[in-house]
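Topology and contacts: notes
These are the residues of each chain, in order.
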Amino acid sequence: QTLVGWCVERGARGSGLTVAIEGANEGGRGLEATRDVAAGECVLATPLTLGIVDDEDGHPESARGVMRDAPWGVRLACRVLQETKLGEASEYAPYVATLPNRVATSPIHYDAQTIAEVQYPPAMSEIREMQDACRSWHEKLREKAPEALGDAFFDYEAFANAVGVVHSRTYGVAGDDASGEQSATVGYFRALLPLADMLNHGGDVVVGRERDQVTGATTDLQIRATDNIAWSVLGDDGVIHFAATRDLVDGEEALMSYGERSNDHFLIYYGFTPENNPHDDVVLFSNFEHAMVWHSVAHPELWEGDDGAIREKAANAAYDSVTKALEADGSPDAKLAAAEPRMKILSAGRVDARLLSAYASMFAGTEASGATDGPIQGDELKFAQADIAARCEQLLAGMPTTLADDVSALQTCTDDAQRVRLQYRISKKCILAETIDMFSLSK
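The subject of this paragraph is the overall build of the chain. On a plain count of helices and strands, the chain comes out with 15 helices and 16 strands. For 443 residues, the compact-globule formula gives about 22 Å, and the C-alpha radius of gyration of the chain, at 25 Å, lands near that figure. Taken along the three principal axes of its C-alpha coordinates, the chain extends 75 × 55 × 55 Å. Buried residues in the chain amount to 49% of all 443 residues. Considering only residue pairs separated by 6 or more positions, the chain has 68% of its internal contacts joining residues 24 or more positions apart.

Structural data, given as C-alpha cells:
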C-alpha cells in the first residue's frame, strides 16, 4: 500500500487491479483484477517520471562517460544500486524497497556445473558471455567510475544481483519527442516502471495443429494468446497506458506478453521458462556453411566430382532464392528469418525454409527447390526432411539426459531454479523429438 500511495502521489492512475503477492506466477508478485474489467478499459496509467529511466543524467556526472558505453542492464543496475545506497533519502525509496534483492532463478548466478545442466550449447555460451560481461563491467566500474556502484564496490554479488533484477523487470519503451529535441525518451529506451513491473507474462500457447498426411509438414498451427493486458507507446503526455485486451473477471490475474521469443530469452533475462511456447526454437547449425559441411559428411557421395559441384551450386542458389523471398515478404518475422545466420527448427516440424530448400536441392541437383511457397516435393523433400531428423537425433543424443529422464525429474523437483532448467531442457528436447517423429524416413 505504501508503494501504491507513492505512485498515486507521483501521477499514476488506475482502477480495477490490485497487487497480488500470494499465488502470483513468477517469484511471488503479480497484479489481479478487483472487479470485472471490460476489454479496452485502461487499468493503469504510468507517467515515465514515476520510473527509473536508462538516462545517463541519472548517474553521477563523473561516471557518465563510462556509463555511456555500458550495456543497458549495467546502467540500470547501477541506478538501482545508487538509489539503494541513498536509502530513505532517495526519491524512489518506496519503490526500491519493494524490489527483490535477487532473482534466484537467473542464470547470472549459475556456476559451471549449473551451466552444464542447461544441456543446450547455444544458451550455455550465451550465459557464459553474460557472466563474463557482468564481471568485466564490475571491474571496469571499480577502476573508472566507483561512484556508479553504490555500495557494491567490494561486492560483486550485489552488482550481479542488481543486474539480474533489472533484466527481469525492465520495459523497453518506444518514445517520441514532438519537439524534435534529442532526449532519453526519444526512440527506444529502457525503464523500470513501478507497479507495471509486477505484471507477469502471458504468452502464446499451442492449442491445436493439422499435418499434411503425405509430407508430414504442419499445415495449420492454432495458437492462443493468454495475455489480457497490453501497453501503449509513450504518449506526448509522457504517460504509458495499460489496457485490457479482453474482458477480465474479478480475481483473474492480469497478464502481459513479454514478447514472442524463444525460451532462451526468457531463461537468460527473466529466469523462467514458459511451457508450450510456440516461439521456442532449436539451433541446428550456426550458419549455412556449417549446415553444408555437415551435409557433406553425412552424404559424401552427393559431393563427389562434377555432379557434386552442380548439386552444391543448386543448394547455394536455393538458399539465396529463399533468403531473397523472405526479405521481399515484408513481414517482420520473414525479415528476421532472412537476417538470422543460424539455421533453426521450431515446434510442430517448422524448419528454416532456407535449410530445407538447400538440402532438397542437394538431392534434386537443380535450382527448382528455391521458392518459399513449398515447390519442393517428392523424394528430394523426404530426404531433406530425413536429414533434418538425423541432425535432431545427433543433437538429442549429445544431451546427458533423455526427455523421459527430465520429465520424471520435474515431477519430484522442489527447487525453483532447477525446475526452470528442467522445463527449459524439456522444451528443447520436445522440439527435437517431435521433428524426428515427423520427418524420420523410418516413420
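For the structure shown, the criterion picks out zero disulfides. Cys430 provides the cysteine sulfur closest to Cys413, a residue in no disulfide bond, and the two sulfurs are 17 Å apart. The class for Cys413 is buried, based on a relative accessible area of 12%.

Quick look at the packing of helix α8 (residues 263–270) against helix α15 (residues 416–439) now. Interhelical geometry of α8 versus α15 gives an angle of 165° and a closest axis separation of 10 Å. Accordingly, the angle class assigned to the pair α8 and α15 is roughly antiparallel. In this structure, α8 meets α15 at a crossing whose hand is left-handed. Of the residues in α15, those touching α8 at Asn263, Asp264 and Leu267 are Val420, Tyr424, Ser427 and Lys428.

As for its position among the elements, Ser90 is in the loop between α3 (72–86) and α4 (93–96). Judged by its relative accessible area of 5%, Ser90 is buried. Within the structure, the side chain of Ser90 is placed 2.5 Å from the side chain of Glu83, a separation counted as a polar contact.

Attention shifts here to the packing of aromatic side chains. This model, assessed by the stated rule, comprises 17 aromatic pairs. Both rings, one in Tyr258 and one in Phe272, keep their centres 6.2 Å apart while their planes meet at 70°; by these two values the pair is edge-to-face. Here Tyr258 is found in the loop between β13 (253–256) and α8, whereas its partner Phe272 is found in the loop between α8 and β14 (281–285), with 14 residues between them in sequence. Members of the aromatic cluster, joined through ring pairs, are Tyr258, Phe266, Tyr270 and Phe272. Residue placement shows Arg421 over the ring face of Tyr110; its charged tip is 5.2 Å from the ring centre.

Once that is clear, we can look at the pairing of strand β15 (residues 343–346). Both β14 and β15 contribute to a ladder of four bridges, which runs antiparallel. Bridge pairing in β15 places Asp281 opposite Leu346. Pairing of β15 with strand β16 (residues 350–351) involves two bridges; the strand directions are antiparallel. Residue pairing for β16: Ile345 is matched across the bridge by Val351.

Let's shift gears to the packing of helix α10 (residues 305–329) against helix α12 (residues 353–364). Where α10 meets α12, the axes come as close as 8 Å, and the angle between the chain directions of the two elements is 155°. What the angle tells us is that α10 and α12 run roughly antiparallel. Seen along the crossing, α10 lies across α12 with a hand that is right-handed. Judged by residue contacts, Arg311, Glu312, Ala314, Ala315, Ala318, Tyr319, Val322, Thr323 and Leu326 of α10 engage Ala353, Arg354, Ser357, Ala358, Ser361, Met362, Phe363 and Ala364 from α12.

Of note, the phi angle at Leu195 is positive, near 70°, even though the residue is not glycine. Tracing the chain through its elements places Leu195 in the loop between β7 (187–192) and β8 (200–201). For Leu195, a relative accessible area of 10% translates into the label buried. Even without being a glycine, Ala348 presents a positive backbone phi close to 65°. Tracing the backbone shows Ala348 in the loop between β15 and β16.

This paragraph deals with α15. In this model, α15 (24 residues) spans 35 Å end to end at C-alpha, consistent with the 34 Å of a helix rising 1.5 Å per residue. Buried residues dominate α15, accounting for 17 of its 24 residues. The opening residue of α15, the one whose side-chain oxygen lies 3.3 Å from the backbone nitrogen of Ala417, is Asp415.

In this structure, Phe285 sits in strand β14. In this structure Phe285 comes out as buried when scored by relative accessible area, which is 1%. Distance in space between the C-alpha atoms of Phe285 and Pro341 is 8.9 Å, their sequence separation being 56 residues. Setting aside residues up to four positions removed in sequence, Phe285 forms contacts with His290, Ala291, Trp294, Arg342, Met343, Leu355, Tyr359 and Arg391.

On to the side chain of Gln423. Position of Gln423 relative to the elements: it lies in helix α15. According to the relative accessible area criterion, Gln423 is buried, its value standing at 17%. Those residues in contact with Gln423, other than ones at most four positions away along the chain, are Thr273, Glu275 and Leu410.

Cut-offs and rules
Per chain, residue numbering runs from 1 following the sequence as it is written. Per-residue local features of the predicted model are confined to residues with pLDDT of at least 70, and side-chain atom pairs are confined, for both listing and counting, to 80 or more; whole-chain, interface and lining totals are unaffected and use all residues. Hydrogen atoms and water are omitted, and side-chain values are computed over all heavy atoms in the structure. Only DSSP runs of H or I covering at least 4 residues are called helices, and only runs of E covering at least 2 are called strands; the numbering of each starts at the N terminus. The globule rule is 2.2 Å times the number of residues to the power 0.38, and the radius of gyration it is compared with is taken over C-alpha atoms. A simple rule labels every residue: compare its accessible area, found with a 1.4 Å probe on the protein chains alone, to the largest value its type can have, and call it buried under 20%, exposed over 50%, or partly exposed in between. For this analysis, residues touch if any pair of their heavy atoms sits within 4.5 Å. Two cysteine sulfur atoms form a disulfide, by the criterion used here, when they sit within 2.5 Å. Axis lines are fitted through C-alpha atoms, for helices just across the contact stretch, and the angle between N-to-C directions can take any value from 0 to 180 degrees. For classification, angles of less than 35 degrees are called roughly parallel, those exceeding 145 degrees roughly antiparallel, those between 65 and 115 degrees roughly perpendicular, and all remaining angles oblique. Crossing chirality is assigned from the near helix's rotation relative to the far helix, an anticlockwise turn below a right angle marking it left-handed and a clockwise turn marking it right-handed. Residues adjacent in sequence count toward polar contacts only when both atoms are side-chain atoms; beyond that, a polar contact is any pair of N or O atoms within 3.5 Å, and within protein one must be able to donate a hydrogen and the other to accept it. Put simply, two rings from Phe, Tyr or Trp (the six-membered ring, in Trp's case) pair if the centres are within 6.5 Å, and we call them stacked under 30 degrees between planes, edge-to-face over 60, tilted for the rest. Lysine and arginine charges are scored as sitting over a ring when NZ or CZ, respectively, is within 6 Å of the ring centre and within 35 degrees of the ring normal. A pair of strands is treated as paired once DSSP finds two or more bridges between them. By this rule the span expected of a helix is its residue count minus one, scaled by 1.5 Å.

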